[in-house]
Amino acid sequence: MEWASQLCENRGLGSKMTDSKYFTTTKKGEIFELKAELNSDKKEKKKEAVKKVIASMTVGKDVSALFPDVVNCMQTDNLELKKLVYLYLMNYAKSQPDMAIMAVNTFVKDCEDPNPLIRALAVRTMGCIRVDKITEYLCEPLRKCLKDEDPYVRKTAAVCVAKLHDINAQLVEDQGFLDTLKDLISDSNPMVVANAVAALSEIAESHPNSNLLDLNPQTINKLLTALNECTEWGQIFILDCLANYTPRDDRESQSICERVTPRLSHANSAVVLSAVKVLMKFMEMLPKDLDYYGTLLKKLAPPLVTLLSAEPELQYVALRNINLIVQKRPEILKHEMKVFFVKYNDPIYVKLEKLDIMIRLASQANIAQVLAELKEYATEVDVDFVRKAVRAIGRCAIKVEQSAERCVSTLLDLIQTKVNYVVQEAIVVIKDIFRKYPNKYESVIATLCENLDSLDEPEARAAMIWIVGEYAERIDNADELLESFLEGFHDESTQVQLQLLTAIVKLFLKKPTETQELVQQVLSLATQDSDNPDLRDRGYIYWRLLSTDPVAAKEVVLAEKPLISEETDLIEPTLLEELICHIGTLASVYHKPPSAFVEGSRGVQHKRLPARAGSGESTESPDVGQSVSGVSDAPPAVIPSQGDLLGDLLNLDLAPPTTTVPPVPSSMQMGAMDLLGGGLDSLSGSHYRTEVPSPQPADFSERELGGDLGGSPAMGVGVGVGVGVGVGLGPAPVGMPAGLGAAPAVGGGLGDLFDLGGGVGMTSGSYSPPRVVWLQAMKAKGLEISGTFARRGGVIQMDVSLTNKAMSVMSDFAVQFNKNSFGMAPAGPLQVLTPLGPNQTVEVSLPLSSTGPVMKMEPLNNLQVAVKNNIDVFYFSCQYPISLLFVEDGKMDRQVFLATWKDIPSDNEAQFQIKDCHLSSDAASNKLQGSNIFTVAKRTVEAQDMLYQSIKLTNGIWVLAELRIQTGNPNYTLSVKCRAPEVSQYVSQCYELILKN
Amino acid sequence: MIGGLFIYNHKGEVLISRVYRDDIGRNAVDAFRVNVIHARQQVRSPVTNIARTSFFHVKRSNIWLAAVTKQNVNAAMVFEFLYKMCDVMTAYFGKISEENIKNNFVLIYELLDEILDFGYPQNSETGALKTFITQQGIKSQTKEEQSQITSQVTGQIGWRREGIKYRRNELFLDVLESVNLLMSPQGQVLSAHVSGRVVMKSYLSGMPECKFGMNDKIVIDKQGKGGTTDDAGKSELGGSSGKQSIAIDDCTFHQCVRLSKFDSERSISFIPPDGEYELMRYRTTKDIILPFRVIPLVREVGRTKLEVKVVIKSNFKPSLLAQKIEVRIPTPLNTSGVQVICMKGKAKYKASENAIVWKIKRMAGMKESQISAEIELLPTNDKKKWARPPISMNFEVPFAPSGLKVRYLKVFEPKLNYSDHDVIKWVRYIGRSGIYETRC
């Protein structure tokens, strides 16, 4: 530093100290004066004048009138003056094209200068002058310079080709400059290679289908050699170019990775990030069981952490990228939680990004630390940051079950601070916690209610209203609370209005006697005084539902809600893959594809990760090859994406499906779409009565619409409304459980579309076990009971035959179940209408609900039944296949599936063999779907089909399964993952039974 | 690539404006001023997108540097370039200030023309640039000199020119570490790491080949196992210490270091630039010697009084002396008065900084000192609680808290007649506090 300041002093002594004076001359007639000075005979004076001109130009004054005078100064030996004139030319040539020609001669002459620095300067500047006449003259000098003996001139000429291409692409092609440029990739000088690569990459970007950057193993080898020798910037150009290459096989991929990894120790963060990009991309091709794969994963973590000690702006870029990397490969940074702890002096943009990553990395192992940190952050000053910290606490509660209790108490502490925005944020997240862990933390409702007055944000108000409505029976003054909101109904936002409407209807259904007036009030407000169609429609639906059939209304409005998922804000996988290909660039900072912010043809082509080895040869052109393999062959992720193509189309105008709880408006939207679908259904025949939805056009459209909009399990409201329409318009039976009609829409996703396409006419009914005798006549004073179970149209039914083998008439039948594992209970009386005479048999179907009292049985599917008649009470026990409990909306969103699969610890995984089964994978999939085992995705690897399937039990437990079917091998392998591992063996039994029937 | 580069003063007036691409218009200059410099809010992101144009900015004192683009550029590269630009300017004319920029605007334009071509960064090593961007004109050079310049600018060793001669071959090696700590009020280490730099000043003749060695755990373990100890120069520079080797989490190197060699053999070999430069940066998180421990005790006495007691303990060899010790104890915004008593050094309440600043000039190892303060508060009806910022600490110690030791630095210059033994070498260790905070 000492010499630097010394230098500064030296300069101060010289003439330079006075340069700033050029900025201050603002007199009138300045231009005139300058003109005179520019034409002065004295060199010094001329130079001074040009400096003044440049200074004026910088601050935005128009000095174009001086063009001829300035250009006249161009012919000079003084390089400094020459550079200044060139600078002026670059700025104004476009506005004075005719006069710019005057400069051509000097340029052409300079291109022949013995000094390479001057030759390079001339060709560099000429390329920046966007005047047609000049570009014509540029071609010859450029051609010479591309073959110049001096590398400095060649590297400048390489970039000049890109400049010329930007002005006149045709000219560049006609003149054959592209070929010369390609030759420069083999140049002996690394910097020439780097610049040639940069120029070619840029030109190739505007010709997506050209084979310009013909990357083959030979050129790749050259690039990798140059990589070790060129400047830091050159290394970036080369690495960014390498990232576009698709290696032919995993071996090539590995050898490139090996040669790129040393770059991870470079001091320049951009070199490191570009190297990470290449590695992340090529890693996709490596087999996971390879030792090298593990080594590589380990090597990636330290450099990423080091990026966080860079300057804050770079930290920000790094954090945005780490956010992507953590989503793609969480294993890389899972032990590095601490480095993401926020420092007091971090700029706010760094703090917010760190917080985001902390939540992603939170797990049972580190949750205590994370919570302690979050609590600390919640007391900071920046409002956005504090809000995000509070929200993060809620997300931890949902993500890590063990921490839920602590999170809730932390949130309560925060509510006690009474800081307005903290309270509001806390209430919003507590709502989600209630959803996730029903009947656990409702004791805090009282505390929440105390803060009702301070809520002024729609989201918080809506959340609070939801809570009041949902738990109306536990809140003594729920009606008063809701009424207080009702006063300003029209001033509320739509979100709050919709929520208020639903909450009051819920309240009415729970406490009908006291709240009749209130419900009428809200219904009239919503239907008569509102301009909002969503609100009006919802109001009408409730109104009709309540007036037609209150029991159905209760089933619909108070239906059980599906559980909310744990991971939130995940980037949709195809977008994530694309962004991984753009690590280090603006796209990865914005988390948007380049097409979203770049104009014109550049960046429109979507990049894809390469497919894992063995999935087919890619074609010559890397881009084409990638996109083809991305669609047709098995892509790298665990879950294949047959739907990618369609998914992309849809993503153009629809937000990527999120796995978070959909906010109320969107569930309303969904309700609205269901309205249409449901309506069509009831027109096209009673779809509700068929066991499996038939692939009729109307049904099809319903699925499509429902799936697109929802994508993930929708909130109770949306589902409820959907069914409500069915009830209101169609002749659906009373007491139909809510899950039924809405099921296809809830499971959602495009996968349904595909399933339907493949499954036309092949679906079979739900599995029903053979009838067995449960109670023998001799044990029951002549009453013989045999039966079976079935699931029809979403209702579990116990089909019982009662045979009277006694001599006397039997009557007054009744049935009762003991508490059992899944809360099965008779949903109605045992309907034996006429007394049963001797030797008579009656067949009865007893509908069962699954909301009865629960007690774990051994075996799990054991059911103890008591049957009473006029003679005595008899007891027997029977076992039901667990497939009865598989509900219709058990199709998991693919993304959720992936996240859940990862999330369930591998200890919970159980493997089973299913022997002697001769079905094809499609047939098996269809057969299983009949029993509500849904194939979420299918993947084929080396003649082995892998079906990824999801099942949801009536009590909300999800079971995930992977079924491997090898062509020609009658033995299937089934892996079952479930949070309640005791279920697994029963599920596997069901698989066996279903597949073999 | 970068479409344009602007430099503004704190008022948003343009000092330098250089446009490289046709898609960037003059209005971009104003867009940034209006939306970022004149924005009322705090800057929420260093990257701003205004009307499909992206602006990257960094600030040096009150000068704004902004790079503009309409393409999907490599964002990390743009920031690295902006930092580099600052380094180059500093090397040419000292501090980046409005005054200096105005005084050197012609030079800056010349530099911008050289180091950024069509938005692509070119060689930006000051050593190389200074050979031909001199503001003197270069007509006087001989042909050999010219080709030497161009081959250096484009060559493999762009950071060093040939033909350097010194009468005395000398090199200075500084191991500068900053130790960072975040501790909970209960004394639990929440996070601690050392980020270190090895800064070298070399005054060596010719094109010397250097090899640098330190007590890197991986190298030591490898040698220990292999038995082929390369003990030439071992403990030549570093003294012996208690800790044998250290585990380096990660390190990055100046571009002169051959990375592929480091990757395969973990040896650090290079041809150094002339003068001062940063050879490497590293990071360690294991077995860090925390030079000081801060024990805070804050007690709220009613609503208008706080009692603070802070003890600091030095934790290193008693023979060593820490210097420039400063403890900063934050006080609430509604502080009306403070009484301080300290055993050592001087303590003052600085109302403008909302903190009690306690300074101690020197302190030996294994000692402790204490400060107690009574803070009187004005009653407020502000519901928001005081955020209690952490107590921070600054110091300088004459050892490396990571435990890093330089084992050797060997110099070979095959063409000139001086050997490794003729080079005079100096090594110095300085440990400074980075963000050294204890929550209270």
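Residues numbered from 1 in each chain as written. Chains lettered and ligands numbered in written order. Predicted model: local features only at pLDDT ≥ 70, side-chain atom pairs only at ≥ 80, totals over all residues. Heavy atoms only, no water.

A. Main features of the overall build of chain A. Counting its secondary structure elements, chain A contains 43 helices and 13 strands. For chain A, the residues scored as buried account for 60% of the 997 residues in total. Sequence-distant contacts, at least 24 apart, represent 68% of the contacts inside chain A between residues at least 6 apart. Carbon and sulfur atoms form 52% of the exposed surface of chain A, whose accessible area is close to 39,200 Å². (Helix = DSSP H or I, 4+ residues; strand = E, 2+ residues; numbered from the N terminus. Buried < 20%, exposed > 50% of the residue type's maximum accessible area, 1.4 Å probe, protein only. Contact = heavy atoms within 4.5 Å. Areas by Shrake-Rupley, 256 points an atom, 1.4 Å probe, with all protein chains shown as cover.)

B. Structural detail: the sheet that holds strand S12 (residues 268–270) of chain B. All names here are of chain B. Strand order across the open sheet formed by 3 strands is S12-S10-S22, with antiparallel pairing between neighbours. The sheet is open, and its two edges are formed by S12 and strand S22 (406–412), each paired on a single side. Ignoring strand direction, the axes of neighbouring strands in this sheet form an average angle of 15°. The sheet contact formed by strand S10 (residues 209–214) and S12 spans 3 bridges and is antiparallel. Within the sheet, the bridge partner assigned to cysteine 210 lies in S12 and is phenylalanine 270. (Pairing = 2+ DSSP bridges. Axes fitted to C-alpha atoms, helices over the stretch in contact; angles between N-to-C directions.)

C. Highlighting the interface of chain A and chain B. Each partner contributes to the interface: chain A provides 117 residues, whereas chain B provides 102 residues. Summing the contributions of chain A and of chain B, the shared interface buries around 9,400 Å²; its carbon and sulfur component is 55%. Our count for the chain A to chain B interface comes out at 13 salt bridges. The tally of links from chain A across to chain B stands at 42 residue pairs in polar contact (both at pLDDT 80 or more). Sort the elements by how many residues they give to the side of chain A that touches chain B and helix H10 (residues 151–167) of chain A lands first, with 8 residues. Residue composition of the side of chain A that touches chain B, grouped by class: 58 nonpolar, 25 polar and 34 charged. (Buried area = accessible area lost by both parts, 1.4 Å probe. Salt bridge = Lys/Arg side-chain N within 4 Å of Asp/Glu carboxyl O. Polar contact = N/O pair within 3.5 Å; in protein donor to acceptor, adjacent residues only side chain to side chain. Nonpolar A, V, L, I, M, F, W, Y, C, P; charged D, E, K, R; others polar.)

D. Focus on the confidence of the model for chain A. Residue and element names in this part refer to chain A. Within chain A, residue pLDDT values average 78, and 80% of them lie at 70 or more. Within the model, the stretch residues 1–17 combines pLDDT values under 50 with 20 contacts to residues more than four positions away or in other chains. In this model, residues 614–764 is a region of pLDDT below 50 whose contacts with residues beyond four sequence positions or in other chains number 217 contacts. (pLDDT = per-residue confidence, 0-100.)

E. Structural context of the pattern of salt bridges. Enumeration over the complete set of coordinates arrives at 74 salt bridges over all chains. Across the pair Asp22(B) and Lys94(A) runs a salt bridge whose closest N-O atoms are separated by 3.1 Å. Within this pair, whereas Asp22(B) is found in the loop between strand S2 (14–19) and helix H1 (27–37), its partner Lys94(A) is found in the loop between helix H5 (79–92) and helix H6 (97–100), the two belonging to separate chains. Linking Arg283(B) and Asp249(B) is a salt bridge whose minimum nitrogen-to-oxygen distance equals 3.8 Å. With Arg283(B) in strand S13 (residues 275–284) and Asp249(B) in the loop between helix H7 (217–226) and strand S11 (250–253), this pair connects stretches of sequence that are 34 residues apart. Counted as one network, the salt bridges with shared partners bring together Glu284(A), Lys328(A), Arg329(A), Glu331(A) and Glu577(A).

F. Inspection of the packing of aromatic side chains at higher detail. Residues and elements named next belong to chain B. Throughout the structure, instances matching the rule amount to 31 aromatic pairs over all chains. Every member of this aromatic cluster is reached through a ring pair, and the members are Phe6, Tyr8, Phe32, Phe55 and Trp64. In this arrangement the basic side chain of lysine 130 is found over the ring face of tyrosine 92, its NZ or CZ atom lying 5.4 Å from the centre. (Phe/Tyr/Trp six-rings, centres within 6.5 Å; stacked < 30°, edge-to-face > 60°. Lys NZ or Arg CZ within 6 Å of the ring centre and 35° of its normal.)

G. Representation of a negative patch on the surface. All names here are of chain A. On the surface, Glu480, Glu483, Glu487 and Glu517 cluster together to form a negatively charged patch. In this structure, glutamate 487 sits in the loop between helix H27 (478–486) and helix H28 (494–510). Relative accessible area serves as the criterion here: at 71%, glutamate 487 is assigned to the exposed category. (Patch = residues over 30% accessible without salt bridge, like charges linked within 9 Å, V, L, I, M, F, W, Y side chains within 5 Å. Lys, Arg positive; Asp, Glu negative; His and termini not counted. Charge placed at Lys NZ, Arg CZ, Asp CG, Glu CD.)

H. Structural context of the packing of helix H19 (residues 312–328) of chain A against helix H20 (residues 348–361) of chain A. All names here are of chain A. Contact geometry for H19 and H20: axes closest at 9 Å, N-to-C directions at 20°. The angle between H19 and H20 places the two elements in the roughly parallel class. Like other packed secondary-structure pairs, H19 and H20 cross with a definite hand, here left-handed. Within the contact between the two elements, H19 uses Pro312, Glu313, Gln315, Tyr316, Leu319, Arg320, Ile322, Asn323, Val326 and Gln327 and H20 uses Tyr349, Val350, Glu353, Lys354, Asp356, Ile357, Arg360 and Leu361. (Parallel < 35°, antiparallel > 145°, perpendicular 65-115°, else oblique. Left-handed = near helix turned anticlockwise from the far one by under 90°.)

I. Helix H15 (residues 232–242) of chain A, seen in detail. For H15(A), a buried count of 10 out of 11 residues is recorded, marking the element as mostly surrounded by other parts of the structure. Buried within H15(A) are the following residues: Glu232(A), Trp233(A), Gly234(A), Gln235(A), Ile236(A), Phe237(A), Ile238(A), Leu239(A), Cys241(A) and Leu242(A). As for H15(A), its buried residues are in contact with helix H13 (190–206), helix H14 (217–227), helix H16 (250–260) and helix H17 (269–283) of chain A together with helix H2 (75–93) and strand S7 (120–121) of chain B.

J. Here's a closer look at unusual backbone geometry. Between Glu858(A) and the following residue, Pro859(A), the backbone shows a cis peptide bond with an omega angle of -10°. Tracing the backbone through its elements, the reader meets Pro859(A) in the loop between strand S6 (841–849) and strand S7 (862–868). The phi dihedral of Arg52(B) falls on the positive side, at around 65°, and the residue is not glycine. Given a relative accessible area of 34%, Arg52(B) falls into the partly exposed group.

K. Here's a closer look at the pairing of strand S19 (residues 355–364) of chain B. Residue and element names in this part refer to chain B. The element S19 is largely enclosed, with a buried count of 7 among its 10 residues. Where strand S16 (residues 321–330) lies against S19, 9 bridges are found, and the strand directions are antiparallel. Looking across to S19, one finds that glutamine 323 is bridged to arginine 362. Where strand S18 (residues 346–350) and S19 come together, 5 bridges link them in antiparallel fashion. Counted as the bridge partner of alanine 347 is tryptophan 358 from S19. Linkage of S18 to S19, two consecutive antiparallel strands, is achieved through a turn of 4 residues, within which asparagine 354 is found at a positive phi near 50°.

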